[in-house]
Amino acid sequence: MPRKTRYRKLTSTERLAQVNKNNIDLQNDFLDYLKSTHKSQGTIDGYRNDLGIFWVWVLDNLDNKYNGEVVGKIVVYLNNEELGYRYLYYDKPSITYKKSFLSKLFDFLKFWG
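Throughout, residues of each chain are indexed from 1 in the direction in which the sequence is written. The model is predicted, so local features are restricted to residues of pLDDT at least 70 and side-chain atom pairs to those at 80 or more, both for listing and for counting; the totals for chains, interfaces and linings are taken over all residues. Values shown for side chains rest on all heavy atoms present in the structure; no hydrogens or waters enter the calculation.

**Student:** Explain the overall build of the protein to me, using residue names and the numbers behind them.
**Tutor:** Helix and strand assignments follow DSSP, with helices taken as H or I runs no shorter than four residues and strands as E runs no shorter than two, numbered in order from the N terminus. From N to C terminus, the protein includes six helices and zero strands. When the helices and strands of the protein are read in sequence order from the N terminus, they spell out α-α-α-α-α-α. For the protein, the residues scored as buried account for 35% of the 113 residues in total. Contact definition: two residues touch when any of their heavy atoms are within 4.5 Å. A separation threshold of at least 6 residues defines the contact pool for the protein, and within that pool the share at least 24 residues apart is 67%. Using a 1.4 Å probe, accessible areas were evaluated by the Shrake-Rupley method; residue-level cover was limited to the displayed protein chains. When the accessible surface of the protein is split by element, carbon and sulfur atoms take 52% of a total near 7,400 Å². Each residue gets one of three labels from its accessible area relative to the maximum for its type: buried under 20%, exposed over 50%, partly exposed in between, using a 1.4 Å probe on protein chains only.

Shown next, in the form of structure tokens:
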């Protein structure tokens, strides 16, 4: 039986336009950093997509605050796998990938912060 994938449209151009400008600046710096470390274009595109989902989540759940202000709260949310199942409809491997991606973003923040 083929695997069934559930899709949930979490971002849109209109929603991304509402994201805190500081977060968008952080995103651009992070993606530039990834390019400078010779990450593949596919990896960079995947991270760009994940960042869009993440920023919309911050917009909805954390009052669109700048990422550097709410790191601790974000980690608590991410450690609750039930949130991933409910909000994102992801399975455990996808949630683990998202945590890994955000860990890289937080490491970037510490390095450049």
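**Student:** For the environment of V58, give the residues involved together with the corresponding values.
**Tutor:** Within the secondary structure layout, V58 lies in helix α3 (residues 41-61). In sequence terms V58 and V19 are 39 residues apart; their C-alpha atoms lie 8.4 Å from each other.

**Student:** Outline the packing of helix α2 (residues 21-36) against α3, listing residues and values.
**Tutor:** Closest axis-to-axis distance for the α2/α3 pair is 11 Å, and the angle between their directions is 160°. With respect to α3, the axis of α2 lies roughly antiparallel. For the pair α2 and α3, the crossing hand works out as right-handed. Residues N23, I24, L26, Q27, F30, L31, L34 and K35 of α2 pack against I44, Y47, R48, L51, W55 and V58 of α3. Helix axes use the C-alpha atoms of the stretch in contact, all axes being lines fitted to C-alpha atoms, and the angles between their N-to-C directions lie in the range 0 to 180 degrees. If an angle is under 35 degrees, it is roughly parallel; if it is over 145, roughly antiparallel; if it lies from 65 to 115, roughly perpendicular; otherwise it is oblique. Whether a crossing is left-handed or right-handed is set by the direction in which the near helix is turned from the far one by less than a right angle, anticlockwise for left-handed and clockwise for right-handed.

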